[in-house]
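Listed below, chain by chain, are the residues.
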Amino acid sequence: LTGVCKDIVIVLFSCLFFGEVVTAGQCMGFTLTLFGVFFWSYLKVNPHSNVARFAERTLGMPATLQTPPEPTEATSLKGIKEK
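Structure report, in brief.

About the criteria used
- Residues numbered from 1 in each chain as written.
- Predicted model: local features only at pLDDT ≥ 70, side-chain atom pairs only at ≥ 80, totals over all residues.
- Heavy atoms only, no water.
- Helix = DSSP H or I, 4+ residues; strand = E, 2+ residues; numbered from the N terminus.
- Buried < 20%, exposed > 50% of the residue type's maximum accessible area, 1.4 Å probe, protein only.
- Contact = heavy atoms within 4.5 Å.
- Expected span 1.5 Å × (residues − 1).
- Arc of directions from axis to C-beta.

### Quick notes on the overall build of the protein
Secondary structure summary: the protein contains three helices and zero strands in total. For the protein, the sequential pattern of α-helices and β-strands runs α-α-α. Considering the protein as a whole, with its 83 residues, one finds that 11% of them fall into the buried category. Here the contacts in the protein between residues at least 6 apart in sequence split such that 20% fall between residues at least 24 apart.

As C-alpha cells, then:
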C-alpha cells in the first residue's frame, strides 16, 4: 500500500509541477490497484462475510472455513450467571 501511495504522490507531483499528462489508463490503474489492496484487507479482516464468500465462489477458491467456529463455553456469555 505504501508503494502504491508513493507512486500516486509522485505522479500527482509531476502533473502539478512539471505539467505531465496523466492518462485515463493511469488513473484507472491506480484506482484498481488501490481498490484491490483495500478489498484484500477487508477480506482478511472479515473472512466470514457474505462478500468474502461471494469472492470465494466467484474466483473458484476453496472455501476453507464456510461457517464461523462455534463459540465455546469460555467465550460464550451463556455460561455467565447473574448474581
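### Considerations on the environment of Leu-12
Position of Leu-12 among the secondary structure elements: in helix 1 (residues 2–18). The sequence separation of Leu-12 and Val-22 amounts to ten residues, and the corresponding C-alpha distance is 8.4 Å.

### Description of helix 1
Taking 1.5 Å as the rise per residue, helix 1 with 17 residues should run 24 Å; its terminal C-alpha atoms sit 23 Å apart, in good agreement. Buried residues of helix 1: Val-4, Ile-8 and Ser-14, and no others. The buried residues of helix 1 occupy an angular sector of 130 degrees when projected down its axis, which confines them to one face. Away from its buried face by more than 90 degrees, helix 1 exposes Thr-2, Val-9, Leu-16, Phe-17 and Phe-18. Packing partners of the buried residues in helix 1 comprise helix 2 (24–45). Looking one or two places after helix 1, you find Gly-19, whose phi comes out positive at around 70 degrees.

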